[in-house]
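Understanding the architecture of this molecule
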Amino acid sequence: SSIDYFFVCDHLHKKILEKYFKCKFIISGLIKNNEKKLLNKKKVFDINFISEFRTVKYIKKEQHVKFIKYLTKILDMYCYKYNKKFVISLNSSRKDKNIDQNTEINFFKNISSNIHFLKNKDSYEVANISKIIICLNSNLGAELLARQKKVLFLPFLNKIHDNYKNPYFDKNLFFICKKSNKKIIFERINTILKMRNTSWKKKLKKEDINIIFDKDNSVLKKKITKLINSPT
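Below you will find a few notes about this structure. Keep in mind the model is a prediction, meaning the values are calculated, not measured.

Moving on, we come to the side chain of Lys-149. Among the structural elements, Lys-149 can be located in the loop between α6 (139-146) and β7 (151-153). Among buried charged residues, Lys-149 stands out as having no salt bridge; its nearest opposite-charge side chain is Asp-122, 11 Å away. Of the polar contacts made by the side chain of Lys-149, one reaches the side chain of Asn-128; its length is 2.7 Å. If sequence neighbours within four positions are ignored, Lys-149 has contacts with Lys-43, Asn-128, Ile-133, Leu-144 and Trp-200.

Among the six residues of strand β3 (residues 45-50), six are classified as buried, and the element is accordingly described as predominantly covered. Strand direction decides the pairing type here: β3 and strand β6 (residues 130-135), joined by four bridges, are parallel. Paired with Phe-49 across the strands is Ile-134, a residue of β6. Of the crossover connections in this fold, the one passing from β3 over helix α3 (residues 61-82) to the parallel strand β4 (residues 86-89) is right-handed.

Right, let's get into the pattern of salt bridges. Note that side chains of opposite charge can pair when their charged atoms are close. Counted by the stated rule, this structure contains seven salt bridges. The partner of Lys-221 in a salt bridge is Glu-35, and the shortest N-O contact between them spans 3.0 Å. Linking Lys-221 in helix α9 (residues 218-229) with Glu-35 in helix α2 (residues 31-35), this pair joins segments that are 186 residues apart in sequence. The class of Glu-35 is partly exposed, set by a relative accessible area of 34%. The salt bridge partner of Lys-66 is Glu-62, with a shortest N-O separation of 4.0 Å. Placement of both Lys-66 and Glu-62 in helix α3 is noted, with a separation of four residues, approximately one turn of the helix.

About the criteria used
- Residues numbered from 1 in each chain as written.
- Predicted model: local features only at pLDDT ≥ 70, side-chain atom pairs only at ≥ 80, totals over all residues.
- Heavy atoms only, no water.
- Helix = DSSP H or I, 4+ residues; strand = E, 2+ residues; numbered from the N terminus.
- Buried < 20%, exposed > 50% of the residue type's maximum accessible area, 1.4 Å probe, protein only.
- Lys, Arg positive; Asp, Glu negative; His and termini not counted.
- Salt bridge = Lys/Arg side-chain N within 4 Å of Asp/Glu carboxyl O.
- Polar contact = N/O pair within 3.5 Å; in protein donor to acceptor, adjacent residues only side chain to side chain.
- Contact = heavy atoms within 4.5 Å.
- Pairing = 2+ DSSP bridges.
- Right-handed = clockwise from strand over helix to strand, strands pointing away.

The following block contains the structure:
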């Protein structure tokens with residue numbers, strides 16, 4: 001391909017992609033995430049699990065589903081023990097996924113009857129009214145982390161196939177828990193929930209992640225405007 005500009009979300013992706021493309025790289029964050037507008041809202045739920053439920057066939061689906069069920073049960077036990085409110089961000093809220101919403105909801109209802117579902121809100125909106133967002137390997141987790149939301153990754157999927165390996169998870173970061181032990185997960189959730197938002201943001205800033213959040217895509221739009229207005 002002949003490419004002039006390649007917009008990437010951070011330095012890590014720039015480092016990977018510049019091995020394969022000769023062009024000017026511009027770090028602009030995650031385009032969809034940058035464009036999504038979220039107002040400050042009161043937190044309604046304590047725990048928000050980002051669903052990775054799928055109906056299509058894919059590599060290691062059986063193991064993936066087992067991890068989804070296992071983590072849902074763990075979070076359900078946590079919420080029961082500590083009297084917390086538990087909500088699922090439904091993957092079916094994305095129309096491009098072509099997932100029947102009732103099928104996804106029934107999948108989780110078969111695991112627990114104590115889970116809440118907000119059918120008319122997308123995953124960003126559900127996360128926005130939750131104190132902590134928990135996910136296995138969701139891209140949305142990275143997007144919300146860029147917004148400095150409290151996110152806990154449990155990347156169990158790294159164990160089953162290279163397709164699920166995330167370059168961010170090679171390090172031991174405070175918002176990543178690689179242990180599947182219930183007690184350890186409970187402790188990590190409690191630690192993050194108890195952290196003040198200011199402390200969370202300071203600690204996050206010290207980590208070398210640097211996923212950019214460019215509100216309203218100002219970097220992208222300025223560059224496009226400049227190209228449009230420049231003489232050919």
